[in-house]
Amino acid sequence: MTEIFDPHAALIAAGQDRAAAWRFIAEFAAYWRRPLAEDDGWCAAELDAAERRLGLRLPTALREALRLVGRRDDLTRNHNRLLRPDELFVHEGALVFREENQGCAHWGVLLADLDQDDPGTVVRPDLADKSQERWESWTARVSLACVETVMFETVLDDDGLTDHLDASGPELDLARRFRELPRLSREIRWFTGPEVLIADIDDGAWTSVRARTAQALESLREELDGDWLNG
């Protein structure tokens with residue numbers, strides 16, 4: 001297991017280099033979950049079959065991510081779902097690679113950007129008034145979308161080491177108490193403390209946390225006063 005992992009430095013590097021994003025995911029998995037294994041991703045033949053079915057080429061970064069971690073449901077499918085090769089689909093001018101657990105939003109890459117190795121990503125909420133739906137910018141690159149996916153699915157895993165607060169409690173002032181990580185998307189601010197990872201979602205509408213140990217989680221609950229979902 002990785003005993004020393006500096007997510008701040010690793011995220012800065014990931015923001016500059018796609019290979020560094022994959023190193024971040026590997027180090028993150030080893031520290032917060034379990035190390036990656038050779039069979040944790042989809043094989044090239046399965047991705048080739050997806051391309052033939054869709055009639056398009058997947059961005060290099062998406063292929064690399066699916067080959068690295070696509071089968072690791074604990075990192076990619078606890079709440080929202082990173083789609084499997086046979087689930088990828090095209091919708092309203094974008095290749096969709098991730099969906100919200102109840103279909104309330106989809107994430108993808110615009111078809112016009114598929115010629116790029118690591119293009120920007122977009123998100124589209126599912127609205128009652130379909131005429132108001134639009135693809136909106138999400139992350140600067142596919143590789144960073146995969147980094148955020150792995151982090152998000154880790155704090156949303158109901159395995160006894162996660163918990164959640166809603167916005168009805170007291171002001172948390174996370175920036176004063178914890179170290180803020182480089183931002184990946186507009187929806188989530190990330191913070192870290194001793195053996196804890198914190199996701200501040202939608203400007204404080206919801207806060208999800210993960211700890212490496214039960215003791216670290218209990219200490220965090222004591223520090224952040226509020227109505228914990230699992231506490």
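For the structure itself, consult the block above.
All of the points below concern the structure found in this document.

Rules used throughout
Residues numbered from 1 in each chain as written. Predicted model: local features only at pLDDT ≥ 70, side-chain atom pairs only at ≥ 80, totals over all residues. Heavy atoms only, no water. Helix = DSSP H or I, 4+ residues; strand = E, 2+ residues; numbered from the N terminus. Expected span 1.5 Å × (residues − 1). Buried < 20%, exposed > 50% of the residue type's maximum accessible area, 1.4 Å probe, protein only. Phe/Tyr/Trp six-rings, centres within 6.5 Å; stacked < 30°, edge-to-face > 60°. Lys NZ or Arg CZ within 6 Å of the ring centre and 35° of its normal. Salt bridge = Lys/Arg side-chain N within 4 Å of Asp/Glu carboxyl O. Disulfide = S-S within 2.5 Å. Contact = heavy atoms within 4.5 Å. Pairing = 2+ DSSP bridges.

Digging into helix α6 (residues 142-155)
- Here α6 contains 14 residues, and its C-alpha end-to-end distance of 20 Å stays within 8% of the 20 Å for a straight helix at 1.5 Å per residue.
- Among the 14 residues of α6, 14 are classified as buried, and the element is accordingly described as predominantly covered.

Comments concerning the side chain of threonine 192
- Among the structural elements, threonine 192 can be located in strand β9 (residues 188-193).
- You can call threonine 192 buried: its relative accessible area is 14%.

Description of the packing of aromatic side chains
- For the structure on display, the rule yields seven aromatic pairs.
- Ring geometry for phenylalanine 5 versus phenylalanine 28: centroids 6.4 Å apart, planes at 80 degrees, classification edge-to-face. Of this pair, phenylalanine 5 sits in the segment before α1 (7-14) while phenylalanine 28 sits in helix α2 (residues 18-32), and the two are 23 residues apart along the sequence.
- Its relative accessible area of 1% is what places phenylalanine 28 among the buried residues.
- Ring centres 6.3 Å apart and planes at 35 degrees place the aromatic pair phenylalanine 28 and tryptophan 32 in the tilted group. Linking phenylalanine 28 with tryptophan 32, this pair stays in helix α2, spanning four residues, or about one helical turn. The two residues phenylalanine 28 and tryptophan 32 agree in class, both being buried.
- Note that arginine 212 overlies the ring of tyrosine 31, its terminal NZ or CZ placed 3.6 Å from the centroid.

As for the pattern of salt bridges
- The tally for this structure, following the rule as stated, stands at 26 salt bridges.
- Close ionic contact of arginine 189 with glutamate 180 constitutes a salt bridge, the shortest N to O distance being 2.8 Å.
- Residue glutamate 180 is classed as partly exposed on the basis of its relative accessible area of 30%.
- Here glutamate 218 and arginine 221 are joined by a salt bridge, their closest N and O atoms 3.2 Å apart. Here the residue glutamate 218 and the residue arginine 221 both occupy positions in helix α8 (residues 214-223), the gap between them amounting to three residues, near one helical turn.
- Classification of arginine 221 by relative accessible area gives buried; the value is 16%.
- Residues participating in the shared-partner salt-bridge network are Arg33, Asp40, Arg72, Asp74 and Asp157.

Re the state of the cysteines
- Evaluated as defined, the whole model comprises zero disulfides.
- The structure places no disulfide on cysteine 43, whose sulfur is separated from the nearest cysteine sulfur, that of cysteine 146, by 18 Å.
- When its relative accessible area of 4% is taken as the criterion, cysteine 146 is described as buried.

Comments concerning the environment of leucine 36
- Within the secondary structure, leucine 36 is located in the loop between α2 and α3 (44-54).
- Measuring from C-alpha to C-alpha, the distance between leucine 36 and leucine 181 comes to 23 Å, with 145 residues separating the pair along the chain.
- Once you skip the residues sitting within four places of it in the chain, leucine 36 turns out to touch Ile25, Ala26, Ala29, Leu68, Val69, Arg72 and Leu75.

Some words on the sheet that holds strand β11 (residues 206-211)
- If you trace the five strands from one edge of the open sheet to the other, you get β7-β11-β10-β9-β8, paired in antiparallel fashion. The open sheet is flanked by β7 (162-166) and β8 (179-180), the only strands paired with a single partner.
- Alignment of β7 against β11, held across five bridges, turns out to be antiparallel. Bridging from a neighbouring strand, aspartate 166 pairs with tryptophan 206 of β11.

Keep in mind these numbers describe shape, not what the thing actually does.
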